[in-house]
Amino acid sequence: MAIIDGKLLAQNIKDSLKQELEVIKKKTNKSPKLTVILVGDFAPSKIYVKNKEKSATEIGIQSEVIRLPQEVSEQELLKKIETLNSDQSVNGILVQLPLPKQINKEKIINAINIGKDVDGFHPYNVGCLSSNTGGVVPCTPLGCLYLIQSVEKNLRGLNAVIIGRSNLNGKPMANLLLKEDCTVTIVHSKTKNIKEICQGADILVAAVGVPNLVKKDWVNKNMIIIDVGINKVNDKIVGDVAFDEVKEKVKAITPVPGGVGPMTIACLLKNTVESFKRHLNG
Ligand code: GUN
């Protein structure tokens, strides 16, 4: 059994991005800029945004956070995005989700310039991933893929089971693993025999938001488990996998915290640096 160290892997990615940015800075005197829009004061979002800001600054990305009140109108938010779209100094725009209910999330995501969509949530980038034609890959699934590949480089023919079908995680994860020639199954709340389907997986990605859903009789000894869940139970953060009882029964598993979370941020920085390089090259 191995515990996959997401913090270390994320640090390696950040170190290499930092070096790359130092070289570019010497040559061009330019550095990337990431602008994050945070609406309202949903506590988890505030923490995520703070972590994104801190990591960006650490590696030499200029970080700007625009804070808007909970009651901001859709129109005002769209106007803000328009301004950032045409601001040449901004390389990446991220609107932290969830958004308050008076705002149509799809409308907002659609408004972000596809070249600055560092989340990879714009339908254009979603389509690129689905048709395997490049584009920006969403940060969390990309981080999960790197975590899996830190254990097993060649994923060809492996059975991958993803729990959860969200646009943010489950669906892009499925497309990424298909690209790696996995046989992919998505299970969700209406699936029959979830436990039996999971038992046959070589790779299990849990991204459903149900604390400790995956139990020791759902797994096998050759399995790589990636736990995307972040759930608060009695003031403690736990994943979607019952870590303590499962960890001895599988090949490798990510902890929560310290697994997927740091990799999401590292991949956001990677997407921002790539966007910056595209802008530098016109
Ligand atoms: N809220 C939770 N995860 C994410 C993410 O990856 N991007 C954005 N924009 N909002 C989120």
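The rules behind the values
- Residues numbered from 1 in each chain as written.
- Predicted model: local features only at pLDDT ≥ 70, side-chain atom pairs only at ≥ 80, totals over all residues.
- Heavy atoms only, no water.
- Pairing = 2+ DSSP bridges.
- Helix = DSSP H or I, 4+ residues; strand = E, 2+ residues; numbered from the N terminus.
- Axes fitted to C-alpha atoms, helices over the stretch in contact; angles between N-to-C directions.
- Core = buried A, V, L, I, M, F, W, Y, C linked by side-chain atoms within 4.5 Å.
- Buried < 20%, exposed > 50% of the residue type's maximum accessible area, 1.4 Å probe, protein only.
- Contact = heavy atoms within 4.5 Å.
- Near = heavy atom within 4 Å.
- Polar contact = N/O pair within 3.5 Å; in protein donor to acceptor, adjacent residues only side chain to side chain.
- Areas by Shrake-Rupley, 256 points an atom, 1.4 Å probe, with all protein chains shown as cover.
- 1 Å grid on protein atoms, 1.4 Å probe; cavity = no way out; pocket = protein on both sides within 12 Å on 5 of 7 lines; lining within 4 Å.
- Sits in = over half its atoms within 2 Å of the grid points.
- Lys, Arg positive; Asp, Glu negative; His and termini not counted.
- Salt bridge = Lys/Arg side-chain N within 4 Å of Asp/Glu carboxyl O.
- Points joined across faces, edges and corners; volume = space filled by probe spheres on them.
- Nonpolar A, V, L, I, M, F, W, Y, C, P; charged D, E, K, R; others polar.
- Expected span 1.5 Å × (residues − 1).
- Right-handed = clockwise from strand over helix to strand, strands pointing away.

Participant: Quick question: what am I supposed to make of the sheet that holds strand 4 (residues 92–95) here?
Facilitator: In a beta sheet, neighbouring strands pair by backbone hydrogen bonds and run either parallel or antiparallel. Reading across the sheet, the three strands line up as 3-2-4 and stay open at both edges, with parallel pairing between neighbours. Every other strand in the sheet has two partners, leaving strand 3 (62–68) and strand 4 as the edge strands with one partner each. When strand polarity is set aside, the average angle formed by the axes of neighbouring strands in this sheet is 15°. With four bridges joining them, strand 2 (residues 33–39) and strand 4 adopt parallel strand pairing. Within strand 4, the residue paired with Thr35 across the bridge is Ile93.

Participant: Help me understand the nonpolar core, please; the structure alone is not making it clear to me.
Facilitator: Nonpolar side chains in soluble globular proteins tend to be buried together. In terms of nonpolar packing, the biggest core is built from 48 residues, with Ile61, Ile148, Met173, Leu177, Val205 and Ile226 touching the most fellow members. Considering every element that reaches this core, the biggest residue donor is helix 10 (residues 260–280), with nine residues. Aside from chain neighbours lying at most four places away, what touches Leu177 is Leu145, Ile148, Leu155, Ala160, Ile162, Cys182, Val184 and Val205. Of all hydrophobic cores here, the second largest spans 20 residues; its members include Leu84, Val90, Ile93 and Leu97.

Participant: How should the site of the ligand be read in this particular structure?
Facilitator: The local shell around the ligand consists of Leu94, Val95, Gln96, Leu97, Asp119 and Phe121. A distance of 3.2 Å separates a nitrogen atom of the ligand from a polar side-chain atom of Gln96. Within the side chain of Asp119, one N or O atom sits 2.6 Å away from a nitrogen atom of the ligand. Computed on the free molecule, the ligand has an accessible area of 280 Å², of which 82% lies beneath the protein chains in the complex. According to the grid-proximity analysis, the pocket containing the ligand is the largest pocket.

Participant: Explanation requested: the side chain of Asp240 in the structure shown.
Facilitator: Positionally, Asp240 belongs in the loop between strand 10 (236–238) and helix 9 (243–246). Buried within the structure, Asp240 lacks any salt-bridge partner; Lys215 is the closest side chain of opposite charge, at an N-O distance of 10 Å. Polar contacts involving the side chain of Asp240 include one to the side chain of Asn231, which spans 2.9 Å. Leaving out residues up to four positions away in the same chain, Asp240 has contacts with Ala206, Ala207, Val208, Gly209, Val210, Pro211, Asn212, Leu213, Val214, Asp227, Gly229 and Asn231.

Participant: Would you explain the layout of surface pockets in this entry?
Facilitator: A probe matching the size of a water molecule, rolled over the atoms, marks out where space remains unfilled. Within this model, the largest pocket holds a volume of roughly 1500 Å³. Around the largest pocket, the lining comprises 49 residues; the ones closest to its centre are Tyr48, Thr140, Ile230, Gly261 and Thr264. Elements with a minimum of two residues in the lining of the largest pocket: helix 1 (6–28), helix 2 (43–59), strand 4, helix 6 (139–149), strand 9 (231–233) and helix 10. No other element matches the nine residues that helix 2 contributes to the lining of the largest pocket. Each residue belonging to the lining of the largest pocket can be placed in one class, and the counts come to 26 nonpolar, 14 polar and nine charged. Its boundaries defined by the atoms lining it, the second largest pocket holds a volume of some 350 Å³.

Participant: Quick question: what am I supposed to make of the environment of Lys216 here?
Facilitator: Here Lys216 lies in the loop between strand 7 (203–206) and strand 8 (224–227). Here the alpha-carbon distance between Lys216 and Glu22, two residues 194 residues apart in the chain, equals 46 Å. Beyond its immediate stretch of four places on either side in the chain, Lys216 contacts Glu245, Val246 and Lys249.

Participant: Before we go on, may I ask you to explain helix 1 in this structure?
Facilitator: A turn of α-helix holds 3.6 residues, and therefore any two residues three or four places apart point the same way. Over its 23 residues, helix 1 extends 32 Å from the first C-alpha to the last, a length consistent with the 33 Å expected when each residue adds 1.5 Å. Where the residues of helix 1 are buried, they touch helix 2, helix 6 and helix 10. For helix 1, the side-chain oxygen to backbone nitrogen distance between the N-cap and Lys7 is 3.2 Å, and the N-cap itself is Asp5. Count one or two residues on from helix 1 and you reach Asn29, which has phi positive near 60°.

Participant: Before we go on, may I ask you to explain the pairing of strand 5 (residues 159–163) in this structure?
Facilitator: Successive side chains on a regular strand alternate, one facing one side of the sheet and the next facing the other. The element strand 5 is largely enclosed, with a buried count of four among its five residues. Direction of pairing for strand 5 relative to strand 6 (residues 183–187): parallel, over a ladder of five bridges. Within strand 6, the residue paired with Ile163 across the bridge is Val187. Handedness of the β-α-β unit built from strand 5, helix 7 (residues 170–179) and strand 6 comes out right-handed. With four bridges connecting them, strand 5 and strand 7 associate as parallel partners. In the sheet register, Ile163 faces strand 7, and the bridge partner there is Ala206.

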